[in-house]
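Close look at the chain arrangement
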Amino acid sequence: MRKKISHDTSPASQSNNFKILNFFRYNSIGTSIILYFMVLIFIMVSVLSIISYQNTIQETEQISIDYTAQLLNQVNTQIDSYIENMKSIGIVVVNNRDVNQLMSFLNKNKGAPLSEFDTLTLEQLTAAASSHMDVVGNTRSEITNIALISRYGDVILSDQSKQVNPYSDYNLSDWYLQALSYKNEIVVSPSHVQRLIAGEYQWVISISKAILDPSTLEVTGVMVIDLNYRVIEGICEAVNLGNNGYIYLVDSRYNLIYHPKQRLAFSGVVQENTKTIFPPDSSLQQVPLEQEGTIYLRNSSGVTGWMAIGVVNTQDLISNRNYLIEFYLILAGIAVIFSALFAVLISSNITRPLKKLETSMLSMEQGNLLVQAEIEQNNEIGQLSNTFNHMVLRIRQLMESEVAKEEEKRKSELRALQAQINPHFLYNTLETIIWMSAGGKTEEVVQVTSALAQLFRTSLSQGESDITLAVEAENIESYLTIQKMRYKDKLSFQLDFPEELKKYPIPKLILQPVVENAIYHGLKPSPQGGKIEITARQNQDKLIITIKDNGVGMSTQTLQSLLSENSESKMDSHGIGIKNVNERIQLIYGSEYGLHFESTLGIGTTVTIVLPGEPENEGEIK
Amino acid sequence: MKKFILKYVALLVLFALSFYSVSSYYLNTPPSLQQVSQTPQYEIQAIVKSYRGSLDFWLIVEQGLVNASQEYNVSCKVTGVRSEDDIQGQIQLIEQAIEDKPDALIIAATDYEQLVPVCEKAADVGIQIITLDSDIDSTIPDCFVGTDNYRMGKEIAFLLEEDLQEGEQVAVISHYAQAYTALERKAGLLENIPNLEQTITTVINVGSNSKIAKEQTILLLQENPDISYLVGLNEGTSLGICYALEELGLKDQIKVIACDSSEKLVKYLENGTIDYLFVQNPFSMGYFAVEETVNILSGKPFSNKIDTGSVLITKDNMRLLENQKLLFPFTK
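Residues numbered from 1 in each chain as written. Chains lettered and ligands numbered in written order. Predicted model: local features only at pLDDT ≥ 70, side-chain atom pairs only at ≥ 80, totals over all residues. Heavy atoms only, no water.

1. Here's the deal with the overall build of chain B
A count of helical and extended segments in chain B gives 12 helices and 12 strands. For chain B, the proportion of its 332 residues judged to be buried stands at 53%. A sequence separation of at least 24 residues applies to 73% of the contacts in chain B between residues at least 6 apart. When the accessible surface of chain B is summed, it comes to about 15000 Å², and 50% of that surface belongs to carbon and sulfur atoms. (Helix = DSSP H or I, 4+ residues; strand = E, 2+ residues; numbered from the N terminus. Buried < 20%, exposed > 50% of the residue type's maximum accessible area, 1.4 Å probe, protein only. Contact = heavy atoms within 4.5 Å. Areas by Shrake-Rupley, 256 points an atom, 1.4 Å probe, with all protein chains shown as cover.)

What follows is the structure in structure tokens.
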């Protein structure tokens, strides 16, 4: 589907280009296959049919012509043999002793009147001769007459009961003249009316010959045998071309000897233009007449010089033609229909798995990473599907590992942070130690330093990310002890950790940042200070640690911002930070655990830490 | 995949089967030779004169009619009046034919004028009229098939002109005066002969009965011994002349121009009684009459007039094959 795309880039034409592109609408592979396949089959079948049909027609025509030519040959052969047969009969008559005796007698007489004796002799001789001729004539039913004519005009008929026509002018007839001139040869005269017999005018073919005296070889007369058309007709009608044509006979001068419609031909109703079709000088054996849809064939006889002409009617092959056309059209129709069916079948076999793959891909495009394409066949499409499946798997793996990496990264970040100790606390504590030491408060120094050491031990310990509540309780006690040293009356605390809960594992450094936060934001701003109460309780399957202070409290805003993104900045002042604690808890245990805040400005703040309470729940950092 | 192969093979088998069945049907049942429909296309009736009479001419016309009706697959019923002069009889026959309501009527009119009313009647009921040999004085017939009789008369005139010696007299023996052929031939002859009054001294109309013609001719010759030339205008009259001359023994003294041919007339041509014989083509007449009728009835182009021609035959040229074909109808 090519369309000329104009190179004119004016806005109007650009929209035209878009229109053209739209023309290349979605064209399914299946439809293409079907279309191209059908066109191909149709063309192939048409071409083959046309070639086949034309070939068949030509073949049929040629067969018809060959057959007719054969028939013509057969006709000629049979007629030749017939004529030869007749000629030999003629020879028999001409050589007959009685016939010759009669002829000699008549010639010696020279037409003069006869004496009584001679008359008797003549009668005897005539009887003998005519009886011989009669016998010969009876051997074949188509012989209508045998006659002898002496040089002096005596005519003797084989049938003595018939009269001679005195006005026959036989001496002007071809059969007579030619017999005389050819002397030793038998003459065949086609198609004429024999008028020798009074009252009879029959159309015959004549065989004539000069009668020669046996001793002198002089011409004594002429013998003629007349044949009717029965045999010739029989031979010609036996070769029936049916609807495809007919055969007729002409002599060497194009005169009609036999025609299936002889009556019509002789009356001029039917005319054959033999001479124009086969002119004397032409050697063509086959002449097609396009306009009339006929082909003229001829076969010439060497014996008689006659021509058997066959007229083949090629138009009559039309009934065959239409039949054939019908046949081929139906075959072509069947082929086209089936080619359509095959095309649909084959194309759907290709497009169906493609469509399935397409669907799978669309599904993946929309986010379904679990999709797997069905592999129907072990071919290119099957391979594609297989590769696609691997790809989906790979992507899923990558994504999962990405997520995992992120998580890991975050956790290690947090872990790293976790390992840090708030430097401010450290500086302050050291300072406290210094002035306590400087003040001579040795016991307090020991206390603080022990507490600090204990704290270091816990927080610097690597490997274990979990500690028990008992350890954390100690930590926080140490921490608070240290802070109390600094803040003195401003800070008081109370710890309540039930024995049965002390074996529960909790992550490292959960309490300390929260308590730190309570001290610096809750108690420190308040002039009189305050009290921190830390309680651990089990609520169903959860461990609840509450850190309650009666400090200045927080506004709602501050409360909200504590756990939000912005509290990153608090990390500098608080080390780990509340947010980090929350994050860590949630990373390890899930989102239903973590920190909760309640606060009222001027009254105090309560921080609730929710942890899983079952000792078996290891909650390892993954 | 298996399903596909199954479907594919099934389709292949179906395809092969249908191809095979169509092929075997078409190749094993060849188109039957077209049966010539037995029912004739049209119904034609031919009403001739001298029907099955003694004149060969009409016998041969009938053969032409029959032959053509077989060729063209039409039914052609041939009837006619026995004599060439039975006008009333022919009118009756035509009336009867009208009752049968054929598609067409081929008529050889006994009388040029008297046949017109009945032919008009036939035409009124939708029957096509075609005239054969003898026409009628009307425009009703779609076609006339026959000899150009006027020209034949003219040729007789030319013959006479060439052959006649000074002072020789000619008698014309014509058949029924009001027959178209008689009218036309006489006209052709009489209008083209120079010195008409001196040359053609007698014209008698004796009808087509050869016996009557013979008697009339003998009478004529007895009354007019100066007559040296006799012209017979049709078969009957020509035969009458020949019989007359035979009986009187005058065949060598008087020259004869005759029309039509039959075996009997040929005999007289052979023996020298007839000097000139104008031969028509009755077979073609009958044949073309039916042929043209079929053309008219089937709406094909047709001619108004078909000239079947006439040929002058003498003892000298009767041997020519073409003339033999005219003189001697081909029978096997």
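2. Structural notes on the interface of chain A and chain B
Accessible area lost on assembly of the parts is the figure often given for the size of an interface. The interface is formed by 39 residues belonging to chain A together with 46 residues belonging to chain B. Summed over both partners, the interface of chain A with chain B comes to about 4300 Å²; 65% of that surface belongs to carbon and sulfur atoms. Joining chain A to chain B, the criterion identifies four salt bridges. One salt bridge in this structure joins Arg195(A) and Glu270(B), with 2.5 Å as the shortest N-O distance. Along the contact surface separating chain A from chain B lie 10 residue pairs in polar contact (both at pLDDT 80 or more). When contributions to the side of chain A that touches chain B are tallied by element, the ones reaching two or more residues are strand 3 (187-194), helix 7 (262-266) and helix 9 (317-365) of chain A. It is helix 9 of chain A that contributes the most residues to the side of chain A that touches chain B, 14 residues altogether. (Buried area = accessible area lost by both parts, 1.4 Å probe. Salt bridge = Lys/Arg side-chain N within 4 Å of Asp/Glu carboxyl O. Polar contact = N/O pair within 3.5 Å; in protein donor to acceptor, adjacent residues only side chain to side chain.)

3. A few points about the confidence of the model for chain B
When pLDDT is averaged along chain B, the result is 89; 97% of the residues meet or exceed 70. Across the interfaces of the predicted complex, the ipTM metric reaches 0.83, alongside a pTM of 0.66. (pLDDT = per-residue confidence, 0-100.)

4. Description of the packing of aromatic side chains
Evaluated as defined, the whole model comprises 23 aromatic pairs over all chains. Centroid distance Tyr53(A) to Tyr328(A): 6.2 Å. Interplanar angle 85 degrees. Geometry classified as edge-to-face. Placement of Tyr53(A) in helix 2 (residues 29-95) and of Tyr328(A) in helix 9 is noted, with a sequence separation of 275 residues between them. The two residues Tyr53(A) and Tyr328(A) agree in class, both being buried. Taking 5.1 Å as the distance between ring centres and 50 degrees as the angle between the ring planes, the aromatic pair formed by Phe15(B) and Phe19(B) counts as tilted. Within this pair, Phe15(B) and its partner Phe19(B) are both found in helix 1 (residues 2-28), separated by four residues, close to a single helical turn. Looking at Phe15(B), the relative accessible area reads 23%, which means it is partly exposed. By way of ring pairs, the aromatic residues Phe338(A), Phe342(A), Phe4(B), Tyr8(B), Phe15(B) and Phe19(B) are connected into one cluster. Sitting above the plane of the Tyr268(B) ring, Lys267(B) keeps its charged end 5.7 Å from the centroid. (Phe/Tyr/Trp six-rings, centres within 6.5 Å; stacked < 30°, edge-to-face > 60°. Lys NZ or Arg CZ within 6 Å of the ring centre and 35° of its normal.)

5. Side note on the side chain of Asp98(A)
Residue and element names in this part refer to chain A. Tracing the backbone through its elements, the reader meets Asp98 in helix 3 (residues 97-109). Within the buried core, Asp98 has no salt-bridge partner, and the shortest N-O distance to an opposite charge, that of Arg97, equals 4.1 Å. For Asp98, the contacting residues outside a window of four places in its chain are Ala128 and Ala129. (Lys, Arg positive; Asp, Glu negative; His and termini not counted.)

6. Quick notes on the sheet that holds strand 10 (residues 307-313) of chain A
Residues and elements named next belong to chain A. One open sheet accounts for five strands, arranged 7-6-10-9-8; its pairing is antiparallel. Strands at the two margins of the open sheet, each flanked by one partner only, are strand 7 (256-258) and strand 8 (286-289). Strand-to-strand twist across the sheet, computed as the mean angle between neighbouring axes with direction ignored, equals 30 degrees. Pairing between strand 9 (residues 294-300) and strand 10: seven bridges, direction antiparallel. Opposite Ile295, over in strand 10, you have Val312 as the bridge partner. Packing against the sheet, helix 2 makes contact with strand 6 (245-250), strand 8, strand 9 and strand 10, and its axis sits at approximately 30 degrees to strand 9. In the packing of helix 6 (residues 230-238) onto the sheet, contacts are made with strand 6 and strand 7, and the angle to strand 7 comes to roughly 75 degrees. (Pairing = 2+ DSSP bridges. Axes fitted to C-alpha atoms, helices over the stretch in contact; angles between N-to-C directions.)

7. Notes on the sheet that holds strand 7 (residues 200-205) of chain B
Residue and element names in this part refer to chain B. Taken together, the six strands give an open sheet; going across it, the order is 7-6-8-9-10-12, and neighbouring strands pair in mixed fashion. Taken across any chain shown, the strands that pair with only one partner, and hence form the sheet edges, are strand 7 and strand 12 (311-313). Direction aside, the axes of adjacent strands within the sheet are offset by 15 degrees on average. Both strand 6 (residues 169-174) and strand 8 (residues 227-232) contribute to a ladder of five bridges, which runs parallel. Looking at the pairing, Val172 lines up with Val231 of strand 8. Against the sheet, helix 8 (residues 210-223) makes contact with strand 6, strand 7 and strand 8, and its axis sits at roughly 160 degrees relative to strand 8, the strand it touches most.

8. Section: the nonpolar core
Core analysis: the biggest nonpolar cluster contains 94 residues, and Ile79(A), Leu148(A), Ile232(A), Leu230(B) and Ile274(B) have the highest contact counts within it. Counting residues per element, this core draws most heavily on helix 2 of chain A, at 11 residues. In this structure Ile79(A) touches Ile232(A), Ile235(A), Cys236(A), Leu249(A) and Trp306(A), once residues within four positions along its chain are discounted. Core analysis: the next-biggest nonpolar cluster, separate from the first, contains 50 residues, Ile433(A), Ala451(A), Leu523(A) and Ile585(A) among them. (Core = buried A, V, L, I, M, F, W, Y, C linked by side-chain atoms within 4.5 Å.)

9. Observations concerning the packing of helix 3 (residues 87-100) of chain B against helix 4 (residues 116-124) of chain B
Residues and elements named next belong to chain B. Helix 4 packs onto helix 3 with a crossing angle of 5 degrees between their chain directions and a minimal axis gap of 10 Å. Taken together, the axes of helix 3 and helix 4 are roughly parallel relative to one another. Where helix 3 abuts helix 4, its residues Ile91, Ile94, Glu95 and Ile98 lie against Val118, Lys121 and Ala122. (Parallel < 35°, antiparallel > 145°, perpendicular 65-115°, else oblique.)

10. Side note on a nonpolar patch on the surface
Taken together, the side chains of Met1(B), Ile5(B), Tyr8(B), Val9(B), Leu12(B), Val13(B) and Leu17(B) present a nonpolar region at the surface, about 610 Å² in accessible area. Topologically, Val13(B) is positioned in helix 1. (Patch = residues over 30% accessible without salt bridge, like charges linked within 9 Å, V, L, I, M, F, W, Y side chains within 5 Å.)

11. With respect to the pattern of salt bridges
Oppositely charged side chains may form a pair once their charged atoms are brought near each other. Across all of its chains, the model carries 21 salt bridges over all chains by this definition. In this structure, the salt-bridge partner of Glu142(A) is Arg140(A), at a minimum N-O distance of 2.7 Å. For Arg140(A), a relative accessible area of 23% gives the class partly exposed. Put simply, Arg52(B) and Glu62(B) hold a salt bridge, and the shortest N to O gap is 2.4 Å. Linking Arg52(B) in the loop between strand 1 (43-49) and helix 2 (56-71) with Glu62(B) in helix 2, this pair joins segments that are 10 residues apart in sequence. According to the relative accessible area criterion, Arg52(B) is partly exposed, its value standing at 47%. On the basis of relative accessible area, Glu62(B) is assigned to the buried category, the value being 11%. One salt-bridge network, in which partners are shared between bridges, spans Asp159(A), Lys162(A) and Glu200(A).

12. A word on unusual backbone geometry
The phi angle at Lys183(A) is positive, at roughly 45 degrees, despite the residue not being glycine. Note on placement: Lys183(A) falls in the loop between helix 5 (174-182) and strand 3. With relative accessibility at 39%, the residue Lys183(A) sits in the partly exposed group. For Asp260(B), which is not glycine, the phi torsion reads 75 degrees and is therefore positive.

13. Here we look at the pairing of strand 4 (residues 128-132) of chain B
Residue and element names in this part refer to chain B. With respect to burial, strand 4 is a largely interior element, four of its five residues being buried. As paired strands, strand 3 (residues 104-107) and strand 4 are joined by four bridges and run parallel to one another. Residue pairing in the sheet places Leu105 in a bridge with Ile129 of strand 4. Regarding the hand of the β-α-β motif, the stretch spanning strand 3, helix 4 and strand 4 is right-handed. Of the pairings in the sheet, the one linking strand 4 to strand 5 (residues 143-146) comprises three bridges and is parallel in character. (Right-handed = clockwise from strand over helix to strand, strands pointing away.)

14. What to know about the pairing of strand 17 (residues 604-612) of chain A
Residues and elements named next belong to chain A. With nine of nine residues buried, strand 17 is to be regarded as a mostly interior element. In this sheet, strand 17 lies alongside strand 15 (residues 542-549) in antiparallel orientation, the contact comprising eight bridges. Across the sheet, the residue bridging to Ile547 is Val607, located in strand 17. Direction of pairing for strand 16 (residues 594-600) relative to strand 17: antiparallel, over a ladder of seven bridges.

15. Quick look at the packing of helix 2 of chain A against helix 4 (residues 116-139) of chain A
For any two helices packed against each other, one specifies the inter-axial angle together with the distance between the axes. Residue and element names in this part refer to chain A. Relative to each other, helix 2 and helix 4 sit at 170 degrees, their axes nearing to 10 Å. One way to sum up the angle between helix 2 and helix 4 is to call them roughly antiparallel. Seen along the crossing, helix 2 lies across helix 4 with a hand that is right-handed. Along its contact with helix 2, which presents Ile89, Val92 and Val93, the element helix 4 presents His132, Met133, Val136 and Thr139. Grouping the constituent residues of the contact of helix 2 with helix 4 by class yields five nonpolar, two polar and no charged. (Left-handed = near helix turned anticlockwise from the far one by under 90°. Nonpolar A, V, L, I, M, F, W, Y, C, P; charged D, E, K, R; others polar.)

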